[in-house]
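# Geometric and topological summary
Given next are the chains, with one letter for each unit.
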Amino acid sequence: MASAHAAGAAADGPKVDTAAGSNKYAQICVACHAADGNSSTPANPKLAGQHPEYLNKQLKEFKSGQRANAIMAGMVAALNEQDMLNISHWLAEQTPKDGYASNPDLVRLGERIYRGGIADRNIPACAGCHSPNGAGIPSQYPRLSGQHAAYTAAQLTAFRDGVRANNAAMTLVAAKLNDKEIEAVSDYIAGLR
């Protein structure tokens, strides 16, 4: 039975084989991202339920070096474009597990930033691109809800510091955030549903 993701991809481009994606994922990705894409290690992102277009883009950018990460470069080295497409669509079909905010002192600040931005510093609301519930917008903005706070904070810091340079808009936004704001919004996102 073809998934909605697979059916859409088949109509518009290459045929997606989520069974092959599952097999390749089990060979290469499972150790860091868990069998169902819901990593329990805060340094490794939860990938279950992520938009396949976003996942595929990230895999391609790891492979090309546009998104620099030595570990991921090694992992994707053996993947071809079809493998990346299949894995991306298989992960999109997995059910994401909820996360939880852990710092009640910061969660209010995180919510204010996520929902309203910081107007006096021209920081837009995260919800404007990633949606109020963190579902994101397919092919444009990733799903954030339930993501590990440590992972989100590391990515925002990498954007801010110019280490991660594969999204100009996020680089501009993150450049304006301080460490406390990054920690707060990341913790809020972890508990977002």
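Scroll up to find the structure.
Here's a quick rundown of the structure. Remember, predicted model here, so these are calculated numbers, not experimental data.

Rules used in this analysis
Residues numbered from 1 in each chain as written. Predicted model: local features only at pLDDT ≥ 70, side-chain atom pairs only at ≥ 80, totals over all residues. Heavy atoms only, no water. Helix = DSSP H or I, 4+ residues; strand = E, 2+ residues; numbered from the N terminus. Rg over C-alpha atoms; globule rule 2.2 N^0.38 Å. Buried < 20%, exposed > 50% of the residue type's maximum accessible area, 1.4 Å probe, protein only. Areas by Shrake-Rupley, 256 points an atom, 1.4 Å probe, with all protein chains shown as cover. Lys, Arg positive; Asp, Glu negative; His and termini not counted. Charge placed at Lys NZ, Arg CZ, Asp CG, Glu CD. Salt bridge = Lys/Arg side-chain N within 4 Å of Asp/Glu carboxyl O. Polar contact = N/O pair within 3.5 Å; in protein donor to acceptor, adjacent residues only side chain to side chain. Contact = heavy atoms within 4.5 Å. 1 Å grid on protein atoms, 1.4 Å probe; cavity = no way out; pocket = protein on both sides within 12 Å on 5 of 7 lines; lining within 4 Å. Points joined across faces, edges and corners; volume = space filled by probe spheres on them. Nonpolar A, V, L, I, M, F, W, Y, C, P; charged D, E, K, R; others polar. Axes fitted to C-alpha atoms, helices over the stretch in contact; angles between N-to-C directions. Parallel < 35°, antiparallel > 145°, perpendicular 65-115°, else oblique.

What follows concerns the overall build of the protein chain. A tally of helices and strands in the protein chain yields 11 helices and zero strands. Its helices and strands in sequence order give the protein chain the pattern α-α-α-α-α-α-α-α-α-α-α, from N to C terminus. Taking 2.2 N^0.38 as the reference for a compact globule, 193 residues should give roughly 16 Å; the C-alpha atoms of the protein chain span a radius of gyration of 17 Å, in line with that estimate. Projected onto its principal axes, the C-alpha positions of the protein chain cover 50 × 30 × 30 Å. Across the 193 residues in the protein chain, those meeting the buried criterion constitute 45%. Per element, the accessible surface of the protein chain, about 9800 Å² overall, is 56% carbon and sulfur. One finds the centroid of the 18 positive side-chain charges in the protein chain at a distance of 1 Å from the centroid of its 17 negative side-chain charges.

Further remarks concern the side chain of lysine 46. Within the secondary structure layout, lysine 46 lies in the loop between α3 (30-33) and α4 (52-64). For the buried lysine 46, which has no salt bridge, the nearest side chain bearing the opposite charge is aspartate 98, at an N-O separation of 7.4 Å. Within the structure, the side chain of lysine 46 is placed 2.9 Å from the backbone oxygen of glycine 146, a separation counted as a polar contact. Contacts of lysine 46, omitting those with residues within four sequence positions, involve Gly37, Asn38, Ser39, Lys97, Asp98, Gly99, Gly146, Gln147 and His148.

What follows is about the pattern of salt bridges. Scanning the entire structure with this criterion turns up eight salt bridges. Between arginine 115 and glutamate 111 there is a salt bridge whose closest N-O contact spans 3.7 Å. Separated by four residues within a single helix, arginine 115 and glutamate 111 lie in helix α7 (residues 104-116), roughly one turn from each other. Judged by relative accessible area, arginine 115 falls into the partly exposed class, the value being 40%. In this structure glutamate 111 comes out as partly exposed when scored by relative accessible area, which is 36%. Here arginine 160 and aspartate 161 are joined by a salt bridge, their closest N and O atoms 3.1 Å apart.

Applying the stated criterion to the full structure yields one cavity of 30 Å³ or more. Roughly 80 Å³ of volume is contained in the largest cavity. Forming the boundary of the largest cavity are Lys46, Leu47, Ala48, Gln50, Pro96, Lys97, Arg143, Leu144, Ser145, Gly146 and Gln147. When its residues are assigned to classes, the lining of the largest cavity shows four nonpolar, four polar and three charged.

Our focus in this paragraph is the environment of glycine 128. If you trace the backbone, glycine 128 turns up in helix α8 (residues 127-130). According to the relative accessible area criterion, glycine 128 is exposed, its value standing at 60%. Sequence spacing of glycine 128 and glycine 117 is 11 residues, and the spatial spacing of their C-alpha atoms is 9.2 Å.

Here lysine 24 shows up in helix α2 (residues 18-28). For the pair lysine 24 and methionine 84, spaced 60 residues apart in sequence, the C-alpha to C-alpha distance is 9.0 Å. Apart from the residues lying within four places of it in its own chain, the contact partners of lysine 24 are Cys29, Leu79, Asp83 and Ile87.

Right, let's talk about the packing of α7 against helix α11 (residues 179-191) for a bit. Look at α7 against α11: their axes get within 7 Å of each other, and the N-to-C directions meet at 85°. Relative to α11, the element α7 is oriented roughly perpendicular. The residues of α11 that touch α7, namely those facing Leu106, Val107, Leu109, Gly110, Glu111, Ile113, Tyr114 and Arg115, are Lys180, Glu181, Glu183, Ala184, Val185, Tyr188 and Ile189. When its residues are assigned to classes, the contact of α7 with α11 shows nine nonpolar, one polar and five charged.

Function-wise, these values are silent; they only describe arrangement.
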